Number of protein chains: 2
Amino acid sequence: MKKIAVLGYGTVGSGVVDLFEINAASIAKKAGEPIEVKYIVDIRDFSQDKNAEKFVKDFGVIENDPEVSVVVETIGGTNPAYDFTKRALLAGKSVVTSNKELVAKHGAEFLQIAKEKNVNYLFEASVGGGIPVLRPIAQCLAANEIDEIYGILNGTTNYILTRMIKAGLTFEKALSEAQEMGYAERDPSADIEGHDACRKICILASLAFGRHIYPDYVKAEGITKVTLDDVRLAGKADMVIRLLGRTKLAPDGKVFAYVGPHLVPKSSPIASVEDVFNGIMVHGNMVGDTMFYGPGAGKYPTASAVSADVIDAVVHADKRRDIGWDDAGEEAVADMSAFTSKYYVRIEGESARSAATQSFKDIEFIDDSHATAFITAEMSEAEFERKLAALSERSEVLSRMRVLY
Amino acid sequence: MKKIAVLGYGTVGSGVVDLFEINAASIAKKAGEPIEVKYIVDIRDFSQDKNAEKFVKDFGVIENDPEVSVVVETIGGTNPAYDFTKRALLAGKSVVTSNKELVAKHGAEFLQIAKEKNVNYLFEASVGGGIPVLRPIAQCLAANEIDEIYGILNGTTNYILTRMIKAGLTFEKALSEAQEMGYAERDPSADIEGHDACRKICILASLAFGRHIYPDYVKAEGITKVTLDDVRLAGKADMVIRLLGRTKLAPDGKVFAYVGPHLVPKSSPIASVEDVFNGIMVHGNMVGDTMFYGPGAGKYPTASAVSADVIDAVVHADKRRDIGWDDAGEEAVADMSAFTSKYYVRIEGESARSAATQSFKDIEFIDDSHATAFITAEMSEAEFERKLAALSERSEVLSRMRVLY
């Protein structure tokens, strides 16, 4: 019988506790022995909860209980999650987490401590919720050199975009609907400004390229500026708008990473990822494109990923998993001005079309009776910004985003 | 330095040999030491090949070389692959394979020997080519009870169906195109009759439900009867035709498994899997639906999956992977007559519509000027066959297939 502790009894934490009860028999079979939640840490009052007798308020109890071999951290945020994670690892316990903020900000530090203590720091649930993606990249694609990863990493914004596309709702209307459905928080900024997706692409980039890519060095743009004009014009070009996190190995060996809205061809599997689902495309130099699709959030999907990591930490208690990366600073991150892409630009004004043609030369217009946009040839961000600045002097630029191709 | 042997120098085998050369540096880093191909076994003459000095014709050399810890079997078919695999395992070497026929027919036996010898028998490449799917099911979804798996498991037939749908080619035309492109073999029967997909769904079913499901007990129908009328009518109902392998836990604890063409709603992610790509949807009781997408065949994608297994076998030489299942007989397989589905039926004849309504009651017609079909309510196969027999007496039934919903 293996004992674990769960920190935080919110959506994910309570899901993990439930899951180990619901699937107890099959988990015992897979882990080779039963796994039991011995403690739950939450400062709130759960004295009426069915698991009331498991609650403790003092993390020290867990830290000092040698029977607890795995600590599950689902508190979220950095405080007290950072402190608890560090203390658990230092006490020689493996830590499993769904806390993307903590992994993105402090992953390298925790991975180093885990290595020194010969325990595991596992975080499959931090990207893509229930979707198996980090371990498949690290293990199943181990024979590949990963070139590029891009994906829909945030379910809230994907729901909003899907509703704008399918039901013609404005961004504001789609956002309030998402809030009513419980998909968006009352303060939705972490989602709609792209910060959540940014943490996830940083984790994916770190794993794929072996160096910690910190969110501080990665530009994130959300979907607040996407309008129904953009949605409609994208549709005319047989594309849909999706918020993508993207990372790619730069020619100089550094790592490109960013988050932003994109026009995505409808023929791309990523375009078929709708509503709150996530989809992550991984390109390896041998396998080519593979995509991982599923629920990117939610109580039981996230608990599913957390619990698989727990089982793994129990089964491989004597053998560390080599899922991780080295620490690195800003020098690991490539300057985006060299990143090449096609761009979509929506313009307005009498001479806008001719100005666009003069500034960008080789472009394709998308028109309808209400709006005009164009798609550029592939160029570096630096070149695009230079040409866009020239265009801006002669015409109004209403919106711009990258095009996936 | 770890030494391996590669059996068979065809498409996949030569891909594996290439891959360990191309990605040597990154593989050495991940495996903790370099991995070198010491022997290649092929009865054909490769004396002019760049790897000529590695070729041996006698498998006994490998069997008796204690330096070889992993044997890669990419010969295909059962003879001599069966014999070589067994001898390698009995000699205490791990075996990695892309040979779905062998895994589907003899997996339980090899898994048992591997267990006794404390080595690994790994076969990620046997399903979905380069797509990581078996290991994610076994490990990343370990906290789930898997309820159902369905997917596009054969790239050749998916290419043919895609060309019928997108270019309006007949089955025959699309097949010869696939043959010209090298996607279909000169004798295409294993693909178009569904036997290849059948082996793969058997492997998935065995892994998901823990009992060997033998192809002999699983009904496979291919795509040879699919016509452009069916493709067109499916399109009118906002669906596409896809050849699916499908397995599901039956209420009595047995395992449903079959292969057959289906109407799939365009809104399903499986519908967006086009051309030679594969997509496998896995439903777990906690995670819900997750899909794995990518290249289902091809030299380097398949070599990618094989080589990841090799790395894993090297890294975990001292600790067996628990990916496997127990042997079982026909009693493990559920009788399909109890399997419930909606059905698509295409009919012809003057009184066909009224006969269909009388036989099936609650149906939805799909019509165009050339053809008529209908979609039934959900019912068991037994009920469907009974009603279809009644209908057949009064009207001509031209085609029928299941509908995914």
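Calculation criteria
- Along each chain, numbering runs from 1 in the same order as the chain's sequence is written.
- Both sets of labels track the order of writing: A upward for chains, 1 upward for ligands.
- Only residues with pLDDT of at least 70 get local features here, since the model is predicted, and only at 80 or more are side-chain atom pairs given and counted; chain-wide, interface and lining totals rely on the full set of residues.
- Side-chain figures throughout are based on the complete set of non-hydrogen atoms in the structure, without hydrogens or water.
- For the purposes of this entry, the term helix denotes a DSSP run of H or I that reaches at least four residues, the term strand denotes a run of E that reaches at least two, and both are numbered from the N terminus.
- Accessible area is worked out with a 1.4 Å probe on protein chains only. A residue is then buried under 20% of its type maximum, exposed over 50%, and partly exposed in between.
- Any two residues whose heavy atoms approach within 4.5 Å at even a single point are treated as in contact.
- Residue burial considers only the protein chains on display, and all accessible areas are found by Shrake-Rupley using a 1.4 Å probe.
- Here the rule is simple: two strands pair whenever DSSP picks up at least two bridges between them.
- Side-chain atoms within 4.5 Å link the members of a nonpolar core, which is a set of buried Ala, Val, Leu, Ile, Met, Phe, Trp, Tyr and Cys residues.
- By construction, the arc corresponds to the directions joining the helix axis to the C-beta atoms.
- Every axis in this analysis is a line fitted to C-alpha atoms, fitted for helices over the stretch in contact. Angles between the N-to-C directions lie between 0 and 180 degrees.
- What sets the superposition is a least-squares fit of C-alpha atoms, and only residues with pLDDT of at least 70 in both copies go into it.
- Two N or O atoms form a polar contact when they lie within 3.5 Å of each other; inside protein one atom must be a possible hydrogen donor and the other a possible acceptor, and for residues adjacent in sequence the pair counts only when both atoms belong to side chains.
- Two helices that cross are described as forming a left-handed crossing if the nearer one is turned anticlockwise from the farther one by less than a right angle, and a right-handed crossing if clockwise.
- Residues are grouped as follows: Ala, Val, Leu, Ile, Met, Phe, Trp, Tyr, Cys and Pro are nonpolar; Asp, Glu, Lys and Arg are charged; every other residue, Gly included, is polar.
- Two cysteine sulfurs form what is called a disulfide whenever their separation falls within 2.5 Å.
- What gets called buried area is simply the loss in accessible area from a 1.4 Å probe that two parts show on being joined, summed for both.

> Tell me about the overall build of chain A, and name the residues and values.
Counting secondary structure elements, chain A contains 14 helices and 17 strands. Taken over the C-alpha atoms alone, chain A extends approximately 75 × 45 × 35 Å along its principal axes. Taken across its 405 residues, chain A has 59% of its residues classed as buried. Partitioning the contacts of chain A with sequence separation of at least 6, the portion at a separation of at least 24 is 72%. Put simply, chain A shows about 15,500 Å² of open surface, and 48% of that area lies on carbon and sulfur atoms.

> Before we move on, could you go through the sheet that holds strand β4 (residues 68–73) of chain A and cite the residues and values that matter?
Residue and element names in this part refer to chain A. Taken together, the 6 strands give an open sheet; going across it, the order is β3-β2-β1-β4-β5-β6, and neighbouring strands pair in parallel fashion. Each edge of the sheet is formed by a strand with only one pairing partner; in this case those strands are β3 (55–56) and β6 (121–122). The pairing of strand β1 (residues 2–7) with strand β2 (residues 35–41) spans 6 bridges and is parallel. Within β2, the position partnered with Ile4 by the bridge is Val37.

> Residue-level account of the environment of B:Ile223, with values.
All names here are of chain B. If you trace the backbone, Ile223 turns up in the loop between β8 (219–220) and α11 (228–236). For the pair Ile223 and Thr157, spaced 66 residues apart in sequence, the C-alpha separation works out to 7.2 Å. Other than its neighbours up to four places away in sequence, Ile223 contacts Thr157, Ile160, Leu161, Phe171, Ile192 and Leu243.

> Give a detailed account of the nonpolar core, specifying residues and quantitative values.
One finds A:Ile62, A:Leu204, B:Ile62 and B:Leu204 to be the most contacted residues of the largest nonpolar core, which totals 172 residues. With near-sequence residues (within four places) excluded, B:Ile62 lies in contact with B:Ala5, B:Leu7, B:Tyr39, B:Val41, B:Val56, B:Val68, B:Val71 and B:Lys93.

> Would you mind going over helix α2 (residues 24–31) of chain B in detail, with residue names and values included?
Residues and elements named next belong to chain B. Those residues of α2 not exposed but buried are Ser26, Ile27 and Ala31. An end-on view of α2 places all buried positions within 125 degrees of arc, on one side of the element. α2 presents Ala25 and Lys29 as exposed residues on the side facing more than 90 degrees away from its buried surface. In this structure, the buried side of α2 is in contact with α1 (11–22), β2 (35–41) and α12 (299–315). One or two positions beyond α2, positive phi appears at Gly32, with a value near 90 degrees.

> Would you mind going over the environment of A:Gly168 in detail, with residue names and values included?
Residues and elements named next belong to chain A. When you line up the elements, Gly168 lands in the loop between α7 (155–167) and α8 (171–180). A relative accessible area of 41% places Gly168 in the partly exposed class. Put simply, Gly168 and Gly253 are 85 residues apart on the chain and 42 Å apart in space, counted from C-alpha to C-alpha. Apart from the residues within four sequence positions on either side, Gly168 is in contact with Arg163 and Leu228.

> Explain unusual backbone geometry residue by residue, including any values.
Cis rather than trans, the peptide bond between A:Asn79 and A:Pro80 has omega equal to 10 degrees. For A:Pro80, the location among the structural elements is in the loop between β4 and α4 (81–90). The backbone of B:Asp238 shows a phi angle near 65 degrees, a positive value even though the residue is not glycine. Following the sequence through the fold, B:Asp238 ends up in the loop between α11 and β9 (239–249).

> Before we move on, could you go through the sheet that holds β2(B) and cite the residues and values that matter?
Strands pair in a sheet through their backbones, by hydrogen bonds, and they do so in one of two ways: parallel or antiparallel. All names here are of chain B. If you walk across this open sheet you meet the 6 strands as β3-β2-β1-β4-β5-β6, and the pairing is parallel. Of all strands in the sheet, those with a lone pairing partner are β3 (55–56) and β6 (121–122), marking the two edges. By the bridge criterion, 2 bridges tie strand β5 (residues 94–97) to β6 in an arrangement that is parallel. Paired with Val96 across the strands is Leu122, a residue of β6. Each of β1 (2–7), β2, β4 (68–73), β5 and β6 touches α12; the most contacted strand, β4, lies at about 160 degrees to it.

> Describe the pairing of strand β14 (residues 364–367) of chain A, naming the residues involved and giving the relevant values.
All names here are of chain A. Summarising the sheet, β14 and strand β15 (residues 372–375) pair through 4 bridges and their orientation is antiparallel. The partner of Glu364 across the bridge, within β15, is Ile375. A loop of 4 residues connects β14 with β15, the two strands running antiparallel in sequence.

> Before we move on, can you summarise the pairing of strand β7 (residues 146–152) of chain B with the specific residues and values?
Residues and elements named next belong to chain B. Burial within β7 is extensive, with 6 of its 7 residues counted as buried. One ladder, built from 6 bridges, connects β7 with strand β11 (residues 277–284); its direction is antiparallel. Note on β11: the bridge partner recorded for Gly151 is Ile280. Strand direction decides the pairing type here: β7 and β9, joined by 4 bridges, are antiparallel. Residue pairing for β9: Tyr150 is matched across the bridge by Arg246.

> Can you explain the relation of the copies chain A and chain B? Please cite residues and give values.
In the superposition of chain A on chain B (RMSD 0.0 Å, axial shift 0.0 Å), the rotation amounts to 180 degrees. Expressed as a symmetry operation, the mapping of one chain copy onto the other fits a two-fold axis. Residues of chain A ranked by C-alpha distance from the rotation axis are headed by A:Phe292, positioned 2.5 Å from it. A shared binding surface is used by both copies, with 100% of the interface residues of chain A retained as interface residues in chain B.

> A description of the side chain of B:Thr302 should follow, citing residues and the corresponding values.
Residue and element names in this part refer to chain B. Summarising the element assignment, Thr302 is placed in helix α12. Residue classification places Thr302 among the buried positions, given a relative accessible area of 7%. Among the polar contacts listed, one links the side chain of Thr302 to the backbone oxygen of Gly298, at a separation of 2.7 Å. Setting aside chain neighbours within four positions, we find Thr302 in contact with Val12, Ser98, Ala125, Gly129, Gly130 and Ala297.

> Residues and numbers for the packing of helix α1 (residues 11–22) of chain A against helix α12 (residues 299–315) of chain A, please.
Residue and element names in this part refer to chain A. For the pair α1 and α12, interaxial distance at closest approach is 8 Å and the crossing angle is 65 degrees. In this structure, α1 meets α12 at a crossing whose hand is right-handed. Within the contact between the two elements, α1 uses Thr11, Val12, Ser14, Gly15, Val16, Asp18, Leu19, Phe20 and Ile22 and α12 uses Lys299, Tyr300, Thr302, Ala303, Ser304, Val306, Ser307 and Val310. Of the residues belonging to the contact of α1 with α12, the class tally is 9 nonpolar, 6 polar and 2 charged.

> Give a detailed account of the environment of A:Ser206, specifying residues and quantitative values.
Inspection of the secondary structure puts A:Ser206 in helix α10 (residues 195–209). Put simply, A:Ser206 and A:Ala5 are 201 residues apart on the chain and 28 Å apart in space, counted from C-alpha to C-alpha.

> Describe in detail the state of the cysteines, supporting the description with residues and values.
Note on terminology: a disulfide is the covalent bond linking the sulfur atoms of two cysteines. The full count for this structure, using the stated rule, is 0 disulfides over all chains. No disulfide involves A:Cys202; its nearest neighbouring cysteine sulfur is the one of A:Cys198, lying 4.3 Å away.

> Describe the interface of chain A and chain B, and please don't skip the residues or the numbers.
Tallying the contact residues gives 43 residues for chain A and 43 residues for chain B. Taken together, the two surfaces of chain A and chain B that pack against each other cover about 3,800 Å², and 58% of this comes from carbon and sulfur. Broken down residue by residue, the surface that chain A buries against chain B is led by A:Cys140, A:Met286 and A:Tyr293, which jointly contribute 17%. Counting every contact that joins chain A to chain B gives 15 residue pairs in polar contact (both at pLDDT 80 or more). Those elements giving two or more residues to the side of chain A that touches chain B turn out to be α1, α2 (24–31), α6 (134–140), β11 (277–284), β12 (288–295) and α12 of chain A. Split into classes, the residues belonging to the side of chain A that touches chain B amount to 23 nonpolar, 12 polar and 8 charged.

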